[in-house]
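Chain by chain, the residues run as shown.
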Amino acid sequence: MTSDKQSTPDKEEGLRDKEETILHKEEDLQNKEETIRHKEEDPQDKEEDVNLQRYNPNKLKPHPKNIDIYGKEKVDQQLVESIRKNGQLEPIVITQDLTIISGHRRWKAIKKIKEEKLTEEDENIEAICFKRHFNSDLEKLEAIIEFNRQREKKVLQIYNEVKILYEIFNERAKLRQSYNLPSIANEADPSHREEIEKDSGRSIEKVSPLVGVKSTKLKIIMRIGKMWDEGDPDAIGIMDEMNDGKIFPDAADKKLKIIKTSKSDSPLAEEAKKLVNRMEKGLSANQAIEQLKKYDEKLKNPKPKASGILPDMMFNVIVADPQDMKKAKMTQITLANDAALYLWANIKNITERMELMAMWGFELKNIAVWKRSDKSVTYFRGEVEFLLFGIKGDFEPEGSKEAPPELVFEDHQHRENKSEVVYEMAEKMYPGQKYCDPYFANGREGWIQPTFVEVKEVELNHEDIQDDEDTNEVP
């Protein structure tokens, strides 16, 4: 009996030990399940544990196509200082043979830190790399461009990216053809190069999102880039301006068109040459192309011929105050392509005088206000006259660094005094030119008031001009 009683506590203790062992095993199992669940919920951590590795930067090698696409880039000193201070925040993406796919600038910065050896830590610095498997060389090229999609790129770099993408499309098309697989959206079309040259079809639309550039902008880049590839000097200059951020693609395209027109046998060539010179002095490409369009429109829809001309039509500085507006509208004031016009007006006829200026081919540039000493009461005192200043062609003032005043207080009671002020102004603004006042014999040295000559009667279609018995008379 005694031995049986003693054995019972021992058995109970043994059972408790077994229960505790089972509980410990269950806790271990729960911990393992928790660990597995955590890894399943965050597979990126698991992947990084496997693929993130540290390498001596000298063992890494750049992808040869990276230089072809983005050019030889200098070490980014700001990136060097950032890595020194904060460490490498983004891993470098590499292939199995340690070729860099993404992170060439980080790699160069880390190499420089290691070479400078400012501290022991710098001397022992290693590059944090994400080793990734790629199925083919084409996949590697695509990855290089994809990793740079959000990068701030120069125009030439964008063009190089597109060329590489077309090469990839070509190679993939050949592979599909070799396996008799159906082609996808132009890639297998052997004439796709024609599509590139024409900048048409779905090719541009397909590439546009891959390089992060709108298709309209990309078409311009491709057009100028192709000419750049062919060694066109004008396109090379335009590409340099775009790369330096001096001009946007749309304006660059317009500027190049004007340059090419200036070198062609087009009727617009002479006008385009003037616009090229003006663009060099600051005229924008957008303004220049609009002026070329207006000039083209003028050639296509010429104004009615005038019935009166001057014997020497090459005067290029003209002061005018015509008294007979009907005859003035029938007069071709000058044949000079480049000229300046000072046209008098008052409050009653200023609208008509502006229309006359336009009919004569001048563009209004400014208006001076002249205070008269005499007064003619209308709605107001009538103390002022207006001097309309217009330019025809490329005839910007060259003389007198100080611009003439827009408001002048002079005694203009006498016609001679009034004209003398304007003649002096014109001579300062345009020294050494051919001066003419066709409506007033001023007698001033260097100024001519030519007599009009009769010319053969011509048909006039302008709504402001009607034929009458005096059509052949010259003002």
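Residues numbered from 1 in each chain as written. Predicted model: local features only at pLDDT ≥ 70, side-chain atom pairs only at ≥ 80, totals over all residues. Heavy atoms only, no water.

### A word on the nonpolar core
Consideration 1: Counting residues in each nonpolar core, the largest one holds 49 residues, and the members touching the most others are Val-207, Val-211, Leu-218, Ile-224, Met-242 and Ile-258.
Consideration 2: Considering every element that reaches this core, the biggest residue donor is helix H8 (residues 155-178), with 10 residues.
Consideration 3: Aside from chain neighbours lying at most four places away, what touches Val-207 is Val-162, Leu-165, Tyr-166, Phe-169 and Leu-218.
Consideration 4: Among the nonpolar cores identified, the runner-up in size contains 20 residues, and Val-319, Trp-344, Ala-368 and Ile-391 belong to it. (Core = buried A, V, L, I, M, F, W, Y, C linked by side-chain atoms within 4.5 Å. Buried < 20%, exposed > 50% of the residue type's maximum accessible area, 1.4 Å probe, protein only. Helix = DSSP H or I, 4+ residues; strand = E, 2+ residues; numbered from the N terminus. Contact = heavy atoms within 4.5 Å.)

### Details of the pattern of salt bridges
Consideration 1: Scanning all chains against the criterion turns up 31 salt bridges.
Consideration 2: A salt bridge links Glu-73 to Arg-151; its shortest N-O distance comes to 2.1 Å. Taken together, the residues span a long stretch of sequence, with Glu-73 in the loop between helix H3 (64-70) and helix H4 (77-86) and Arg-151 in the loop between helix H7 (137-147) and H8 at a distance of 78 residues.
Consideration 3: In this structure, a network of salt bridges that share partners links the residues Glu-81, Arg-84, Lys-112, Glu-116 and Asp-122. (Salt bridge = Lys/Arg side-chain N within 4 Å of Asp/Glu carboxyl O.)

### Some thoughts on the sheet that holds strand E5 (residues 127-131)
Consideration 1: Ordered by their spatial adjacency, five strands build an open sheet running E1-E5-E3-E4-E2, and the pairing between neighbours is mixed. Among the strands making up the open sheet, the edge pair consists of strand E1 (52-55) and strand E2 (61-62).
Consideration 2: In this sheet, strand E4 (residues 99-102) lies alongside E2 in parallel orientation, the contact comprising two bridges. In the strand pairing of E4, Pro-62 is matched with Ile-100.
Consideration 3: Strands strand E3 (92-94) and E4 of the sheet are contacted by H7, whose axis makes an angle of about 45° with E4. (Pairing = 2+ DSSP bridges. Axes fitted to C-alpha atoms, helices over the stretch in contact; angles between N-to-C directions.)

### Here's the deal with helix H12 (residues 233-243)
Consideration 1: Taken as a whole, H12 has its buried residues at Asp-234, Ala-235, Ile-238, Met-239, Met-242 and Asn-243. Around the axis of H12, the buried residues are gathered within 165° of arc, so they sit on the same side.
Consideration 2: Structurally, H12 contributes buried residues whose contacts are with H8, helix H11 (215-229) and helix H13 (249-262).
Consideration 3: Of the residues flanking the start of H12, the one acting as N-cap is Asp-232, its side-chain oxygen 2.9 Å from the backbone nitrogen of Asp-234.
Consideration 4: Within two residues after H12, Gly-245 carries a phi angle of roughly 75°, on the positive side. (Arc of directions from axis to C-beta. Polar contact = N/O pair within 3.5 Å; in protein donor to acceptor, adjacent residues only side chain to side chain.)

### Observations regarding the pairing of E4
Residues in a regular strand point their side chains to alternate faces of the sheet.
Consideration 1: Pairing of E3 with E4 involves two bridges; the strand directions are antiparallel. Paired with Val-93 across the bridge in E4 is Ser-102.

### Quick look at the packing of aromatic side chains
The description of two aromatic rings rests on the distance between their centres and on the angle between their planes.
Consideration 1: Applying the stated criterion to the full structure yields six aromatic pairs.
Consideration 2: For the ring pair Tyr-423 and Trp-447, a centre distance of 4.4 Å and an interplane angle of 40° mean the geometry is tilted. A residue pair is termed long-range when its members are at least 10 positions apart, and Tyr-423 in helix H18 (residues 415-429) and Trp-447 in strand E13 (residues 447-448) qualify at 24 residues.
Consideration 3: Overall, the relative accessible area of 0% leaves Tyr-423 in the buried class.
Consideration 4: Linked through ring pairs, Tyr-423, Tyr-435 and Trp-447 together constitute an aromatic cluster.
Consideration 5: Across the ring face of Tyr-70, the terminal group of Arg-151 is positioned such that the distance to the ring centre comes to 4.5 Å.
Consideration 6: Over the aromatic face of Phe-169 sits the side chain of Lys-206, whose NZ or CZ is 4.4 Å from the ring centroid. (Phe/Tyr/Trp six-rings, centres within 6.5 Å; stacked < 30°, edge-to-face > 60°. Lys NZ or Arg CZ within 6 Å of the ring centre and 35° of its normal.)

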